Amino acid sequence: MASMWSSPGWEPTPVAVASSHGYSFTGTSLGSVRITKLGHACWRLAKDGSVLVIDPGSFSGGEPLDGAQAVLITHEHPDHVDVGLLASAPPDLEIYTCQAVADRLSGVPARVHVVREGDAFTAAGFSVRVFGEWHAPNHPDLPVVQNVGFFIDEEVFYPGDALTVPGVEVPTLLVPTNAPWLKTSEMVEYLRAVRPARAYSTHDGLVNEIGLRLIDGWLEMEAGRQRADFRRIPVGESAELP
């Protein structure tokens, strides 16, 4: 795994989930996946009656946990994790996240699992591998926080707030397109580094309609260059993946 960002070292403790650090792992990729864009940086994946939700945060809108058996959380920023929402989640919900987020979820009834780069596990019938450790630099006066990316069913890679290049074939990339830590040129370079067959805009809830049209244009331009499917899925709409 390579990253477009350098970060300070961090040595998390091993965790008791299916892992490349000594635990067995069997993929469970059966049938097609339906992926739905919720607000800002939140996504819902459905397959064979199971539902997995990524980063239900303060900008997700609606009821992002409806029907979910498991949740993946990349990092601690409130637009990616709504602690109050998770506090009302049922106790059988499984949450997989980094140590920093787990520390903030100590009071939630759901079952929280700490994961780190190199781990692999199954959540709601989806196989998941973890890539990345750190959030992209945001502000010179703010510390760099933990951030883990998730590669789901060997199909969808969600990097969180980072430009992590996992070093494996990525059919579908959820690509950040707007953030305080991101320039358009970096987004384009990231698409060229990963070279997915499909890329869908994420982290785009901070821009107005004018900004969304700009994002659409940049994605369309790069899609033409790479002869790929790069686009923005409007909130509430879905795409079917192989």
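For the structure given in this document, a descriptive report is provided here. (Residues numbered from 1 in each chain as written. Predicted model: local features only at pLDDT ≥ 70, side-chain atom pairs only at ≥ 80, totals over all residues. Heavy atoms only, no water.)

**What to know about the nonpolar core**
Okay, so step 1: Ranked by internal contacts, the top residues of the largest apolar core, which has 47 residues, are Leu-45 and Ile-152.
Okay, so step 2: Ile-152 has contacts with Leu-45, Leu-52, Ile-54, Leu-72, Phe-126, Ser-127 and Val-128, leaving out every residue within four places of it along the chain. (Core = buried A, V, L, I, M, F, W, Y, C linked by side-chain atoms within 4.5 Å. Buried < 20%, exposed > 50% of the residue type's maximum accessible area, 1.4 Å probe, protein only. Contact = heavy atoms within 4.5 Å.)

**Structural notes on the sheet that holds strand S14 (residues 198–202)**
Okay, so step 1: Strand order in the open sheet made by the seven strands is S8-S9-S10-S11-S13-S14-S15, with mixed pairing throughout. Pairing within the sheet leaves two strands with one partner each, and these edge strands are strand S8 (120–123) and strand S15 (229–231). Going across the sheet, the axis of each strand differs from the next one's by a mean of 25°, ignoring polarity.
Okay, so step 2: Pairing of S14 with S15, which is carried by three bridges, proceeds in the parallel orientation. (Pairing = 2+ DSSP bridges. Helix = DSSP H or I, 4+ residues; strand = E, 2+ residues; numbered from the N terminus. Axes fitted to C-alpha atoms, helices over the stretch in contact; angles between N-to-C directions.)

**Considerations on helix H3 (residues 184–194)**
Okay, so step 1: All of the buried residues in H3 are Glu-186, Met-187, Val-188, Tyr-190, Leu-191 and Val-194.
Okay, so step 2: Packed against the buried residues of H3 are strand S11 (156–158), strand S12 (164–165), strand S13 (172–176), S14, helix H4 (209–226) and S15.
Okay, so step 3: Just past H3, the residue Arg-195 takes up positive phi, approximately 55°.

**Topic: the pairing of S14**
Remember that side chains alternate between the two faces of the sheet whenever the strand is regular.
Okay, so step 1: When you tally the buried positions in S14, you get five out of five residues, the bulk of the element.
Okay, so step 2: Judged from the five bridges that link them, S13 and S14 form a sheet pairing that is parallel. Considered in S14, the bridge of Thr-172 is made with Arg-198.
Okay, so step 3: Since S13 and S14 lie parallel, the crossover through H3 that links them has a hand, and here it is right-handed.
Okay, so step 4: A crossover connection joins S14 to the parallel S15 through H4; in handedness this β-α-β unit is right-handed. (Right-handed = clockwise from strand over helix to strand, strands pointing away.)

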